[in-house]
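Listed here are the chains, written in short residue letters.
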Amino acid sequence: MPDRTTTDGPTINTTRRGFLAASTALVASATAARAATPDPLITEVQEWASGLGDGVDATPYGLPIRFESDVIRRNVSWLTADTISSINFTPIHALDGTITPAGCAFERHHSGAIELSKEDYRLMINGLVDQPLVFTYADLERFPRVTRTYFLECAANTGMEWAGAQLNGAQFTHGMVHNMEYTGVTLRTLLNEAGIKPEAKWLFVEGADASSNGRSLPLDKALDDCMIAFKANGEALRKEHGYPVRLIVPGWEGNLWIKWLRRIEVTDEPVESREETSKYTDTMENGTSRKWTWVMDAKSVVTAPSPQMPITHGHGPLVITGLAWSGRGPVAKVDVSLDGGKNWHEARLAAPGQPMALTRFYFDHDWQGEEMLLQSRVTDSTGYVQPTKTQLRAVRGLNSVYHNNCIQTWWVKPNGEAENVEVS
Ligand SMILES: Nc1nc2c(c(=O)[nH]1)N[C@H]1C(S)=C(S)[C@@H](COP(=O)(O)O)O[C@H]1N2
Ligand SMILES: [Mo]
């Protein structure tokens, strides 16, 4: 769309119709420059129009243009002793829409990302089944396929914020999340192929990496909506996300989404492995721990403006945007507060919430340089409302690491910079 100069208003980088539809009230305060003085970018022939561009095949598999080299995963070096058993963070502050590009979707490994070829791949189903089975990758491709979009959130996401505001950026406070469109086979299809014995109640699922990341998974969940995926966002899984096959456990903590899935044992009891006892449990104020806290409760965050995304355009129209999700179903509503939760305004959802997938929200604001305590608060389809920090701590205390879904606050200053703060 060309820029448009209107006689009664500002130059805007969109069609006038689109601008009006988005936020009529902001027209008078738009601050984009009028085309008063000649702009060489308009009046002069530019270098890129004076010669030829790259031919096709210049990059047989494309990467983002160099101007976007900042939009990358990042880790926090002091969080873990090395990068092998570690985690990095999705640059959610710089993304829009809902699908996370695989190349910048966060990674969490307990013993590093392994390289496992399709030829060497095997998936075994054993235990309480009529017929133990071993599938090759080619076998898996012959079962009826499904395609579904889900978020994966590590239970530790936002875990560093329990005691107080700590990490300065949405990438670091909320970036242990990604959202992809997966293609694969339902777990139910594969389990039915092996035949489940009546006494079966659990699965033990493990990966081919040295850590194996073994976890117990209730059979009901496995038969409900779990799948084994070999494609994400239309292409083969990336090595770091479990190539060639990973487990998808919609709405449940990321630790259950076994990468490089190698074995599914059907059992009548949970195994109580390391990953579900000493880790991924929530220690309460009295020292006892909650376990089997699989579902990721509803959560949201403003991704921009935020500490890594200061306001740089001056006063006037400001797009406030963020992400919301719930492990219990679709997002029903997102509210935004500009004053630390005193007043709430309903945000626009980019599209109706999808079950257990990220939802994008927008709130169009006329910013006149006032300080803001920016917050977002999601309500999911069950009616559950995202809690404040105070509300969450009242129930959970301060000993937890995992499952922190409290409301996040960014203090936006008159100069447009933003900081991670805590108001309640
Ligand atoms: N085999 C295996 N599966 C694994 C892990 C692992 O280390 N090994 N890490 C788990 C954890 S804790 C999380 S949060 C997710 C991370 O998935 P991602 O790397 O695609 O973001 O994978 C889970 N599955
Ligand atoms: Mo995790």
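Rules used throughout
- Residues numbered from 1 in each chain as written.
- Chains lettered and ligands numbered in written order.
- Predicted model: local features only at pLDDT ≥ 70, side-chain atom pairs only at ≥ 80, totals over all residues.
- Pairing = 2+ DSSP bridges.
- Helix = DSSP H or I, 4+ residues; strand = E, 2+ residues; numbered from the N terminus.
- Core = buried A, V, L, I, M, F, W, Y, C linked by C-beta atoms within 7 Å.
- Buried ≥ 20, exposed ≤ 12 C-beta atoms within 10 Å, placed from the backbone.
- Contact = placed C-beta atoms within 7 Å.
- Near = placed C-beta within 6 Å.
- Nonpolar A, V, L, I, M, F, W, Y, C, P; charged D, E, K, R; others polar.
- pLDDT = per-residue confidence, 0-100.

### Describing the sheet that holds strand 22 (residues 409-412)
Judged by pairing direction, the sheet is antiparallel, and its five strands sit side by side in the order 18-17-21-22-23 without closing on themselves. Edge strands, defined here as strands with exactly one partner in the open sheet, are strand 18 (345-346) and strand 23 (418-421). Direction of pairing for strand 22 relative to strand 23: antiparallel, over a ladder of four bridges. By the bridge assignment, V412 is partnered in strand 23 with A418.

### Overview of the sheet that holds strand 20 (residues 359-367)
Sheet architecture is open: four strands sit in the order 15-16-20-19, paired in antiparallel fashion. Both outer strands of the open sheet, strand 15 (299-304) and strand 19 (348-349), are each paired with one neighbouring strand and no more. In the sheet, strand 16 (residues 316-325) pairs with strand 20 via nine bridges, with the strands oriented antiparallel. Looking at strand 20, one finds that T321 is bridged to Y362.

### Some words on the nonpolar core
A general trend in soluble globular proteins is that nonpolar side chains are found buried together. Counting residues in hydrophobic clusters, the biggest one holds 88 residues, and the most contacted among them are I228, L247 and I248. With sequence-adjacent residues up to four places away left out, I248 is seen in contact with Y150, Y182, G184, C226, M227, A229 and W257.

### A few points about the site of ligand 1
The environment of ligand 1 is formed by 20 residues, the closest being H110, C154, G207, N213 and G254. In terms of residue class, the shell around ligand 1 is built from six nonpolar, nine polar and five charged.

### Concerning unusual backbone geometry
Look at the link from Y243 to P244: it is a cis peptide, with omega at 5 degrees. The topology assignment puts P244 in the loop between strand 10 (235-236) and strand 11 (246-248). Located in the positive-phi region is E272, a residue other than glycine, with phi close to 60 degrees. One can find E272 in the loop between strand 12 (261-267) and strand 13 (282-283). C-beta crowding within 10 Å serves as the criterion here: with 10 such atoms nearby, E272 is assigned to the exposed category.

### Observations concerning the environment of P218
Looking at the element boundaries, P218 is found in strand 8 (residues 215-218). Spatially, the C-alpha atoms of P218 and L203 are 6.2 Å apart, while their sequence positions differ by 15 residues.

### Let's talk about the confidence of the model for the protein
Considering every residue of the protein, the mean pLDDT works out to 92; 92% of them sit at 70 or more. Overall, residues 1-29 carries pLDDT values under 50, and its contacts beyond four positions in sequence, including any with other chains, amount to 38 contacts.

### With respect to the pairing of strand 6 (residues 177-186)
In terms of burial, strand 6 is largely enclosed, as eight of its ten residues are buried. Bridging between strand 5 (residues 146-153) and strand 6 involves eight bridges; their strand directions are antiparallel. Of the residues in strand 6, the one forming a bridge with T147 is T183. Bridge count between strand 6 and strand 9 (residues 227-232): five bridges; the pairing is antiparallel. Bridging from a neighbouring strand, V185 pairs with I228 of strand 9.

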